[in-house]
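# Examination of the molecular architecture
Okay, here's what each chain looks like letter by letter:
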Amino acid sequence: MAMTKKLIITLLLLISIAFVHCLAFHVELEEFKPPQQEEQDVHGGGGSSKGWQEELSEFPYHFKKQSFKNWFQSKEGFVKMLPKFTKRAPNLFRGIENYRFSLYEMEPNTFLVPLHLDADSVVIILQGQGVAEFVTAKTKELFHLTKGDVVRLPSGITHFAINTNQTVPLRFAKITIPVNIPGQFQNYFSAPSQFQQSYFTGFSKEVLSASFNIPEELVGRIFFGSQQMGQGILRRITPEQIKEITENSTSRSNKDKDKSTKFSPFNLFTHDSVSSYTNDFGHFHEAQPDSFDQIQDLQIAVTWTNMTQGSVFLPQYNSKATFVTFVENGCARYEMASPYSFQREQQQQQWWPEQGGEEEEDMSGQVHKIVSRVCKGDVFIIPAGHPFTIVSHDENFVSVGFGIYASNSIRTFLAGQGNVLSNLDTVATRVAFGVRSKVAEKLFTSQNYSYFAPTTRSHQQT
Amino acid sequence: MAMTKKLIITLLLLISIAFVHCLAFHVELEEFKPPQQEEQDVHGGGGSSKGWQEELSEFPYHFKKQSFKNWFQSKEGFVKMLPKFTKRAPNLFRGIENYRFSLYEMEPNTFLVPLHLDADSVVIILQGQGVAEFVTAKTKELFHLTKGDVVRLPSGITHFAINTNQTVPLRFAKITIPVNIPGQFQNYFSAPSQFQQSYFTGFSKEVLSASFNIPEELVGRIFFGSQQMGQGILRRITPEQIKEITENSTSRSNKDKDKSTKFSPFNLFTHDSVSSYTNDFGHFHEAQPDSFDQIQDLQIAVTWTNMTQGSVFLPQYNSKATFVTFVENGCARYEMASPYSFQREQQQQQWWPEQGGEEEEDMSGQVHKIVSRVCKGDVFIIPAGHPFTIVSHDENFVSVGFGIYASNSIRTFLAGQGNVLSNLDTVATRVAFGVRSKVAEKLFTSQNYSYFAPTTRSHQQT
Amino acid sequence: MAMTKKLIITLLLLISIAFVHCLAFHVELEEFKPPQQEEQDVHGGGGSSKGWQEELSEFPYHFKKQSFKNWFQSKEGFVKMLPKFTKRAPNLFRGIENYRFSLYEMEPNTFLVPLHLDADSVVIILQGQGVAEFVTAKTKELFHLTKGDVVRLPSGITHFAINTNQTVPLRFAKITIPVNIPGQFQNYFSAPSQFQQSYFTGFSKEVLSASFNIPEELVGRIFFGSQQMGQGILRRITPEQIKEITENSTSRSNKDKDKSTKFSPFNLFTHDSVSSYTNDFGHFHEAQPDSFDQIQDLQIAVTWTNMTQGSVFLPQYNSKATFVTFVENGCARYEMASPYSFQREQQQQQWWPEQGGEEEEDMSGQVHKIVSRVCKGDVFIIPAGHPFTIVSHDENFVSVGFGIYASNSIRTFLAGQGNVLSNLDTVATRVAFGVRSKVAEKLFTSQNYSYFAPTTRSHQQT
């Protein structure tokens, strides 16, 4: 009987393993549905700026600078890319799935080797001086680039770039719109490097030899060889080489000046067709796609915002455009009204709507307060229609934005002179807000500043 | 041995539980694939109208009026919305996922408080009289609305509406095209109500105080306060208030008359660019997107159909447009030829193609007969290319339709004068239908009416 | 005790079955994730053409002719269709999900009965002579078709086609762009056949009788009857019938000649707006969407490539367009540089990216060599931006291509006269490829031919 008992115990063990095994399964499957977590929404309506630093970045709209992935990094500079937005919040960002944001930094006297992308891009120069050359079978265009320049990079264009400055890094932000696979694109380099193979390695030596009409041995040495293996996609270049390239091209460039082509860069600070606004508390520049051939077909707007210390970018919303905004300098408090609340599926680091599945309608009538402290190097998203405001902190706050679906989008201010609510019929205001005529008339008209205003009321009695 | 037996029985029980557990699993997983159910297709080719009332609405194309969700309801009126089409039939309606249908009713002397949507919309007035005002920073346009008016509501426009009539409810149908998330949008209200928070609750008091340059206390009272808490988004408004608003704006409106703007409403019954057809058995009005700036970019067509008792809207198909059709009055029999047959996944209330998965091709060569009795308040879908007909019953049948992807779509009649098949070469008809010349010539030319015809042959010898 | 042992053995067996059962599950579920398989990528950089015939078609880009499904087949001809591209590689081909490729062959003196599609299409005639007629309520256009003709078939147009030649089959390739469900469309026939029901079977007899104003008995006989049941959708037609149809219509056609309509076919070999290139080693014709009203809105380009034996279509990429290419004659070696590597999920015959899931970024810097032997009847895909080359073998190689998203796409050659890299600054070439000035200057300029060159260097010293 003792043996029987042992056997039975063994059997029970085996059975319990089988059970646990099956149960483990259940758990795994259930985790596909986001678990109910404690609310991530932010309370404390008073919005005091103390003590909200940590918890406040817990929103899918805010990508801290650590969110970037290093795509390339060397002593000569780096390329960083934000993951697909839908990886963060699959449903919330479905509409901008096909847009990718990346950041480039090139050290002084460096050269980005020729490449093309299977994507359209729009670039804004954040800092420094450089040149970029676009090459086609028939044309070769060299552009001089400086802060505030916006460059449209058409899909498939072969191009290279150079930081021509001796001391300052060349930095730029880029939004990329893939043409093959939604949200996915690649860089195709003609020359090999340690970091990235030449696309010619996709071909056999004998075909390349015949195609280039050069010996196979040379094909091997140049395209597959180890010559460039110590080199990255960013390379040192001598001032003489820079001079040689830019002089060659400048002469050509000058000839072309009159017939400035469709894809010539334009500058956000100086071009007449840019909408600009300036007052004591900040300045704002916006290039709308309908005003520039370069960005019209992509429906991308580009903005540059500069706020002095302690000012507020007045509450507003964009009627159609969703903005991907990069913080170039300083820190700010960003407040936004969202109809959605979120919970995070922990393991996958994804955000889902709090109520029901993807298809579920939120009919609660609630407005959710999104408050976040955004700092240099961060990215935040402002979806269309969502009222938002930005309050600058201890120093100048500078941000650049790419507006997606920006064609015919209207920036609609909710406060300040010329705000949309001040234009409502007084009767409508009275009935809507339940106030007397006097209050109604003053409610939306007491702020004399537009766009930017001081954060303290005492300053504003101008 | 008895103990051994008991143990063994216990073990067997445990094992069977384990088994059932695993099997249960199998079942669960299998339910992801739609189970084989009895055919939902409709039999009885003769199509007698007796006894088909109940079972015939079992098609994904037909949304009974109970399908609407109440988004808002009060004594002052209601807003009802149809669920996402893809919630009903994920694959079948993928192409119209980003379109939502809703229905509004405002009681006499009521006011819809100012709001904007993160979506474009097209509205058709079904009944009543009212005004709508569109407000931007620079413009304020008040439109007088009456039955048959089509209003384009651009994404993000701040607007309000009033039922100006003392006795008749103002009713309108709306198709909405979200700009942020496919098939999802929200209403953003500036003023708080019992039903819906003000979007200003997304901001902190201190920021609002600075932005509006008003005391924090007032901010709290107006935007977060309980003043309006007894009020819905639809509110009573006095005839005096209505007069004040409309008189103010009419004067402005008059000045603007010459420069009628891009988004001025137009009327389906009176505008010259609307295609209209009338005979004894019905009348039909269609505004095509290529003829109206208001709806051109959205590629939405709007139709109004009115059939007298006992008439048939002749068999036809739309070459590119898919119509979402709302029944405004009466009942009718709707017949459609569909290449797809369906079965319903019961628990999720979703419809899937009968054969194979989403990706599977139906190569059976079968045509499936979709027959449904549609009544006042129902919605039905007519996909592009699908031949369909509508037969009115005991009273006038009135329906309005929104055509999706309607740019360059051609309404192609298959019967009646000027039908496409009557224009085929006689030889082609003979070879195709296997009939003699005489029959071929008369086959598609014996019906003298166009668009609408009587349902009884005896009536038609005109 | 013996009995106990037997029982225990039985129990153990049961338990192991339970175990296996659960484990089997694990395996099944795990197979949803692509298993790690041996690399499918192709090695042997030398690319010798010996012995690569079998294994080299193991890429998602290459559809062997067996991949086609017979949609219809009879003595009078066939219609074959390629499965949805996303069925083969769900992520890789997401961008071209809504495009379907099919192949038609009509025997001499056959008639394709009138039909319409819920899709737009572009057709290229590969061989033979025929006519097609497009019918609307008001117009009837008959087009004579011959090899190289490109026909735009608008969504929903009722049409028929005839092989008017007495001896040669009429063959054409078609790309189809569904309007209802992405990647899915149907053919709607007015007349019944053995193979396919008439769409009038979607209606009840009494409604048809009223609509056509003909007796119910006749309705039953013509639309539901068995008269045509022995017939397919392709039917024999006598030369006299052909004459009758074409003569009737030619006269009409002649009147219309001056006002050649938007959808009149054009010929790839003779139309002035087609880009053509010819040398001793091949000729190439490309109709770009921006040059032809017929294909502009669809953004489809159409190409015809003819390479003599032993020539190379020089390395190149398309800046925006993805080409679906059909091999009309001969065999060729197709080489392409892809940033993606693949593994196949065996049971479902689907291809997935090798690294991580759909959302994972490939940042390996590797270029993958796609080499395949493509022969008559095969289809291969060339995505935008991907450098590729084609080397013809033992006979003339002929292929036709449909370019998707081809608006403003630029065909960019990487070798041969006028290649893009020869237009780079010499300094840039030197720095990028790490070569001396002399080599840099000759690297991309030693091939004097454009487009097509001989595969053996000895031939090229022209």
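The structure presented is a predicted model; accordingly, all values stated were derived computationally and were not measured. (Residues numbered from 1 in each chain as written. Chains lettered and ligands numbered in written order. Predicted model: local features only at pLDDT ≥ 70, side-chain atom pairs only at ≥ 80, totals over all residues. Heavy atoms only, no water.)

### What about the overall build of chain A?
Along the backbone of chain A there are eight helices and 28 strands. Expressed as a percentage of its 462 residues, the buried residues of chain A come to 63%. Considering only contacts within chain A whose residues lie at least 6 apart along the sequence, 76% involve residues at least 24 apart. Here chain A has roughly 17200 Å² of accessible surface; of this, 50% comes from carbon and sulfur atoms. (Helix = DSSP H or I, 4+ residues; strand = E, 2+ residues; numbered from the N terminus. Buried < 20%, exposed > 50% of the residue type's maximum accessible area, 1.4 Å probe, protein only. Contact = heavy atoms within 4.5 Å. Areas by Shrake-Rupley, 256 points an atom, 1.4 Å probe, with all protein chains shown as cover.)

### What about helix α7 (residues 426–433) of chain B?
Along an α-helix, residues three or four positions apart point the same way, because every turn accommodates 3.6 residues. Here α7 of chain B lies mainly inside the structure; seven of its eight residues are buried. Taken from the residues just after α7 of chain B, G434 of chain B is the one with a positive phi, measuring 65°.

### Focus: the pairing of strand β26 (residues 397–404) of chain B
Residue and element names in this part refer to chain B. Most of β26 is tucked away, with eight of its eight residues classed as buried. The alternating pattern of β26 places F397, S399, G401 and G403 and V398, V400, F402 and I404 on opposite faces, both of which are buried. Summarising the sheet, strand β17 (residues 301–307) and β26 pair through seven bridges and their orientation is antiparallel. When the sheet's bridge partners are listed, W304 is paired in β26 with V400. In the sheet, strand β19 (residues 322–329) pairs with β26 via seven bridges, with the strands oriented antiparallel. From the neighbouring strand, T322 faces β26, where its bridge partner is I404. (Pairing = 2+ DSSP bridges.)

### Considering the sheet that holds strand β19 (residues 322–329) of chain A
Sheets are built from strands paired through backbone hydrogen bonds, the pairs being either parallel or antiparallel. Strand order in this open sheet of seven strands is β1-β24-β19-β26-β17-β16-β15 (chain A), and the pairing throughout is antiparallel. Every other strand in the sheet has two partners, leaving β1 (62–63) and β15 (275–279) of chain A as the edge strands with one partner each.

### Quick word on the state of the cysteines
Residue and element names in this part refer to chain A. Overall, the coordinates contain three disulfides over all chains when judged by the stated rule. A sulfur-sulfur separation of 1.9 Å characterises the disulfide bridge that pairs C331 with C375. Across the S-S bond of C331 and C375 the torsion is about 115°, and the bridge reads as right-handed. You can see C331 sitting in strand β20 (residues 331–338) and its partner C375 sitting in strand β23 (residues 368–375), a full 44 residues away along the chain. Take C331 and C375: they sit in the same class, and that class is buried. (Disulfide = S-S within 2.5 Å.)

### Side note on the pattern of salt bridges
Going through the model one piece at a time under the given rule, you end up with 39 salt bridges over all chains. One salt bridge connects E97 of chain A with R94 of chain C, and the closest N-O pair in it is separated by 3.0 Å. A residue pair is termed interchain when its members come from two chains, as with E97 of chain A in the loop between α2 (85–88) and β4 (100–106) and R94 of chain C in the loop between α2 (85–88) and β4 (100–106). Here E217 of chain C and R221 of chain C are joined by a salt bridge, their closest N and O atoms 3.2 Å apart. Residue E217 of chain C and its partner R221 of chain C are both found in helix α4 (residues 216–224); the two are separated by four residues, about one turn of the helix. E217 of chain C gets classed as exposed once you look at its relative accessible area, which sits at 53%. Taken together, the shared-partner salt bridges connect D120, R152 and D297 of chain A together with K320 of chain C into one network. (Salt bridge = Lys/Arg side-chain N within 4 Å of Asp/Glu carboxyl O.)

### Here we look at the confidence of the model for chain A
All names here are of chain A. On average, residues of chain A carry a pLDDT of 83, and 77% of them reach 70 or more. This stretch, residues 19–57, has a pLDDT under 50; its non-local contacts, to residues over four places away or in other chains, come to 69 contacts. This stretch, residues 251–259, has a pLDDT under 50; its non-local contacts, to residues over four places away or in other chains, come to two contacts. (pLDDT = per-residue confidence, 0-100.)

### Considering the pairing of strand β15 (residues 275–279) of chain C
Residues and elements named next belong to chain C. Here β15 runs beside strand β16 (residues 282–287); their pairing, made up of five bridges, is antiparallel. Within β16, the residue paired with N279 across the bridge is G282. Linking β15 to β16, which pair antiparallel, is a turn of two residues.

### A short note on the side chain of S198 of chain A
Among the structural elements, S198 of chain A can be located in the loop between β12 (187–189) and α3 (205–212). Overall, S198 of chain A belongs to the buried group, its relative accessible area being 0%. At 2.6 Å, the side chain of S198 of chain A and the backbone oxygen of S190 of chain A are in polar contact. At 2.9 Å, the side chain of S198 of chain A and the backbone nitrogen of F200 of chain A are in polar contact. In contact with S198 of chain A, not counting residues within four places along its chain, are F189, S190, A191, P192 and F223 of chain A together with V367 of chain C. (Polar contact = N/O pair within 3.5 Å; in protein donor to acceptor, adjacent residues only side chain to side chain.)

### What to know about the sheet that holds strand β3 (residues 77–81) of chain A
All names here are of chain A. One open sheet accounts for seven strands, arranged β2-β3-β4-β11-β6-β9-β14; its pairing is antiparallel. Pairing within the sheet leaves two strands with one partner each, and these edge strands are β2 (69–74) and β14 (266–267). By the bridge criterion, two bridges tie strand β9 (residues 149–153) to β14 in an arrangement that is antiparallel. Across the sheet, the residue bridging to D149 is N267, located in β14.

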